[in-house]
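Coordinates in review
Residue strings, one per chain:
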Amino acid sequence: ASEELLKEHYVALRDRPFFGRLVKYMSSGPIVAMVWQGLDVVKTVRTMIGETNPADSRPGTIRGDFCVEVSKNVIHGSDSVESARQEISLWFRPEELMCWEDTAQHWIYE
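Below is a short write-up of the structure. (Residues numbered from 1 in each chain as written. Predicted model: local features only at pLDDT ≥ 70, side-chain atom pairs only at ≥ 80, totals over all residues. Heavy atoms only, no water.)

1. Remarks on the overall build of the protein chain
For clarity, the threshold we go by: Secondary structure counts use DSSP, requiring at least four H or I residues in a row for a helix and at least two E residues in a row for a strand, with both numbered from the N terminus. To measure how exposed things are, a 1.4 Å probe is used in the Shrake-Rupley method; for residues, cover is taken only from the protein chains shown. His residues and chain termini do not enter the charge count, which takes Lys and Arg as positive and Asp and Glu as negative. Working definition for charges: the position is that of NZ of Lys, CZ of Arg, CG of Asp or CD of Glu.
Regarding its fold elements, the protein chain presents six helices and zero strands. Overall, the C-alpha framework of the protein chain stretches about 45 × 35 × 25 Å when taken along its three principal axes. Here the protein chain displays about 8700 Å² of accessible surface, and carbon together with sulfur accounts for 55% of that area. Between the mean site of the 12 positive side-chain charges and the mean site of the 17 negative ones, the protein chain shows a separation of 8 Å.

Okay, structure coming up:
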């Protein structure tokens, strides 16, 4: 990801002392950007990711199993549907998104 994109993505943190280090870390290697959909997806994904501080994350979460430091917590997840919409628009053009319907959906959801 470009430095410009990362600065825009983390614009809410621009006045924090770690902002420069965050942008540098996030641009230090490849990024896999995804959009997930589903019932209560933000809450579910945040549970799977774990706490911002890996030390507070439960085993079995991404941060609990793969992270050591807050500043290198390896994964980002939107904290609300509103922020997800904004972040998705930064990373993807509308034509790059598709709504995928699982064939087992009728067995799982009302």
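After presenting the structure, the write-up continues.
2. Describing a nonpolar patch on the surface
Stated formally: For patches, a residue must show more than 30% relative accessible area and have no salt bridge; joins then use 9 Å for like charges and 5 Å for nonpolar side chains, namely Val, Leu, Ile, Met, Phe, Trp and Tyr. Just to be clear on terms, a salt bridge is a Lys or Arg side-chain nitrogen sitting within 4 Å of an Asp or Glu carboxyl oxygen. Under the scheme applied here, a residue whose accessible area is under 20% of the maximum for its type counts as buried, over 50% as exposed, and between as partly exposed, the area being computed with a 1.4 Å probe on protein chains only.
Among the surface-exposed residues, Val32, Met34, Trp36 and Met48 lie close enough to one another that they form a single nonpolar patch of about 440 Å² accessible area. With respect to the helices, strands and loops of the structure, Met34 is situated in the loop between helix H2 (19-26) and helix H3 (41-49). Taking the relative accessible area as the measure of exposure, Met34 reaches 54% and is therefore exposed.

3. Thoughts on the nonpolar core
Note the threshold: Throughout, nonpolar core names a set of buried Ala, Val, Leu, Ile, Met, Phe, Trp, Tyr and Cys residues whose side chains join them through atoms within 4.5 Å.
Leu6, Tyr10, Phe19, Leu22 and Val23 form the largest nonpolar core, which has five residues in total. The leading source of residues in this core is H2, at three residues.

4. Examining the environment of Thr52
With respect to the helices and strands, the residue Thr52 is situated in the loop between H3 and helix H4 (62-66). Taking the relative accessible area as the measure of exposure, Thr52 reaches 43% and is therefore partly exposed. Considering only alpha carbons, one finds Thr52 and Ser71, 19 residues apart in sequence, at a separation of 9.1 Å.

5. Here's the deal with the pattern of salt bridges
Tallied over the entire structure, the rule returns three salt bridges. A salt bridge links Lys7 to Glu3, with the nearest nitrogen and oxygen atoms 2.8 Å apart. Taken together, the residues span about one helical turn, with Lys7 and Glu3 both in helix H1 (residues 3-9) at a distance of four residues. Between Arg93 and Glu95 there is a salt bridge whose closest N-O contact spans 3.0 Å.

6. What to know about H3
Rule in force here: Each direction from the helix axis to a C-beta atom contributes to the arc, which is the arc of those directions. Throughout, a residue-residue contact means that at least one pair of heavy atoms, one from each residue, lies within 4.5 Å.
Looking at H3, one finds that the buried residues are Val42, Val45 and Ile49. All buried residues of H3 lie within an arc of 70° about the axis, which places them on one face of the element. Exposed side of H3, more than 90 degrees from the buried face: Lys43 and Thr47 are the residues found there. Of the surrounding secondary structure, the elements contacted by the buried residues of H3 are H4 and helix H5 (81-91). Two residues or fewer after H3 comes Gly50, characterised by a positive phi angle close to 100°.

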